[in-house]
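# Remarks on the overall topology
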Amino acid sequence: MAGETADTLGDFLRARRGQVSPEEAGLPVGARRRVPGLRREEVAQLAGISPEYYLRLEQGRNLNPSDQILTALAGALRLDEDAVAYLHRLAHRAPPARRPRGRARGNQGDLQPLLDSWPQTPAYIQGPSGRVVAANRLAVLLCPFFAVGHNPLRAAFLEPEMRGLYPRWDDMTAKAVSGLRAMIDVDEADPELLETIGELTVASERFRTLWSRREVRRRDTGRTLLDHPLVGELDLRYEKLARAQAHQLIIVYYADQGSPTAERLALLGSL
């Protein structure tokens, strides 16, 4: 399964040059372009390297490009900070670490009492597999797929209720996949998470399209819009807090004080 989900430097370069138009790169469009995006020769020109060298990079025949070359490629492909970090991770990938059998992760739900102490703040915790390992009551009222045992990523693409809950479903799913790429190290990823990525690649055309774009962007904070079946529109802020040693992610939602969303969130909690 890892072979189906793992990215290579060549995969990433091919996908990203297909997303940069000649106009964006300051190049003449030309009369005949059979495919969108930049040609290999154009990327090489913009990065100041030979076309032959760039071809070897895409074909995986040169696995040790210097940081100077990577910086030049990042500029040519108009990569942002998160994508540049991902490019360097691919180029300088460390050998996979051996996993001790039966590796202990401790009590994955050890923060349940903390979440329960936030009765007016929806919050849940995802483990390394992507499954929810702890959630408070308001989080489950907000979305049933935030309950313990569910995988919100899988639900986003495969559960029809999620399309109704998220009016901006296309935007939400795009953020979910680009955020996943920014966070995941396939060589170290939980096997169940890799299985989920493989399942979604087969079962969801939307996920397959987004995953193939290889867009990379961390989103540890932001806003999301929900259309809740009981209380209506909710304009929520969110924060994602990593527990690095436990390989967990805490997701917290909250509303602006005094806003209509704060009133509707309080109403939801009282049901």
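Provided above is the structure to which this section pertains.
In what follows, the accompanying structure is described.

Thresholds, definitions, all that
- Residues numbered from 1 in each chain as written.
- Predicted model: local features only at pLDDT ≥ 70, side-chain atom pairs only at ≥ 80, totals over all residues.
- Heavy atoms only, no water.
- Buried < 20%, exposed > 50% of the residue type's maximum accessible area, 1.4 Å probe, protein only.
- Helix = DSSP H or I, 4+ residues; strand = E, 2+ residues; numbered from the N terminus.
- Salt bridge = Lys/Arg side-chain N within 4 Å of Asp/Glu carboxyl O.
- 1 Å grid on protein atoms, 1.4 Å probe; cavity = no way out; pocket = protein on both sides within 12 Å on 5 of 7 lines; lining within 4 Å.
- Points joined across faces, edges and corners; volume = space filled by probe spheres on them.
- Nonpolar A, V, L, I, M, F, W, Y, C, P; charged D, E, K, R; others polar.
- Pairing = 2+ DSSP bridges.
- Axes fitted to C-alpha atoms, helices over the stretch in contact; angles between N-to-C directions.
- Contact = heavy atoms within 4.5 Å.
- Parallel < 35°, antiparallel > 145°, perpendicular 65-115°, else oblique.
- Left-handed = near helix turned anticlockwise from the far one by under 90°.

### A look at helix 4 (residues 40–47)
Within helix 4, the full set of buried residues consists of Glu 42, Val 43, Ala 44 and Ala 47. One or two positions beyond helix 4, positive phi appears at Gly 48, with a value near 75 degrees.

### With respect to the pattern of salt bridges
Scanning all chains against the criterion turns up 14 salt bridges. Put simply, Arg 154 and Glu 199 hold a salt bridge, and the shortest N to O gap is 2.9 Å. One end of the pair, Arg 154, is in helix 10 (residues 152–158); the other, Glu 199, is in helix 13 (residues 191–203), and 45 residues separate them in sequence. Here Asp 256 makes a salt bridge to Arg 237, at a shortest N to O gap of 2.6 Å. Of this pair, Asp 256 sits in the loop between strand 5 (248–254) and helix 15 (260–270) while Arg 237 sits in strand 4 (residues 232–243), and the two are 19 residues apart along the sequence. Here Arg 237 falls in the partly exposed class, since its relative accessible area comes to 29%. Residues participating in the shared-partner salt-bridge network are Arg 223, Asp 235, Arg 237 and Asp 256.

### Digging into the layout of surface pockets
Counted as a void, the largest pocket has a volume near 1,200 Å³. Elements supplying a minimum of two residues to the lining of the largest pocket: strand 1 (123–126), helix 10, helix 12 (169–183), strand 3 (221–228), strand 4 and strand 5. Among the elements that line the lining of the largest pocket, the one with the most residues is helix 12, at seven residues. Class assignment for the residues of the lining of the largest pocket results in 22 nonpolar, nine polar and 16 charged. Computed from the structure, the second largest pocket encloses a volume of approximately 260 Å³. Lining of the second largest pocket is provided by 18 residues; of these, Pro 119, Gln 120, Thr 121, Leu 138 and Leu 265 occupy positions nearest its centre. Counting only elements with at least two residues in the lining of the second largest pocket, the list comes to helix 8 (112–116), helix 9 (137–142), strand 5 and helix 15.

### Describing the sheet that holds strand 4
Taking strand neighbours across the sheet as the criterion, the five strands line up as 2-1-5-4-3 in an open arrangement whose pairing is antiparallel. Taken across any chain shown, the strands that pair with only one partner, and hence form the sheet edges, are strand 2 (132–135) and strand 3. This sheet shows a mean twist of 25 degrees between the axes of neighbouring strands, independent of strand direction. Two strands pair when backbone bridges link them, and strand 1 and strand 5 are joined in this way by four bridges, in the antiparallel orientation. Residue pairing for strand 5: Ile 125 is matched across the bridge by Ile 250. Across the sheet, helix 15 lies against strand 3 and strand 4, angled at about 80 degrees from strand 4, the strand it touches most.

### Overview of unusual backbone geometry
Phi is positive for Arg 214, which is not a glycine, with a value near 55 degrees. The class of Arg 214 is buried, set by a relative accessible area of 15%. One non-glycine residue, His 247, adopts positive backbone phi at about 55 degrees. Looking at the secondary structure, you find His 247 in the loop between strand 4 and strand 5. Residue His 247 is classed as partly exposed on the basis of its relative accessible area, which comes to 44%.

### Side note on the packing of helix 12 against helix 14 (residues 205–213)
In contact at an axis separation of 10 Å, helix 12 and helix 14 are set at 50 degrees when each is read in the N-to-C sense. Put simply, helix 12 runs oblique to helix 14. When the axes of helix 12 and helix 14 are compared, the crossing they make is right-handed. Each of Trp 169, Asp 170, Thr 173, Ala 174, Val 177, Leu 180 and Arg 181 in helix 12 lies in contact with helix 14, whose residues at this interface are Arg 206, Phe 207, Leu 210 and Trp 211. Of the residues belonging to the contact of helix 12 with helix 14, the class tally is seven nonpolar, one polar and three charged.

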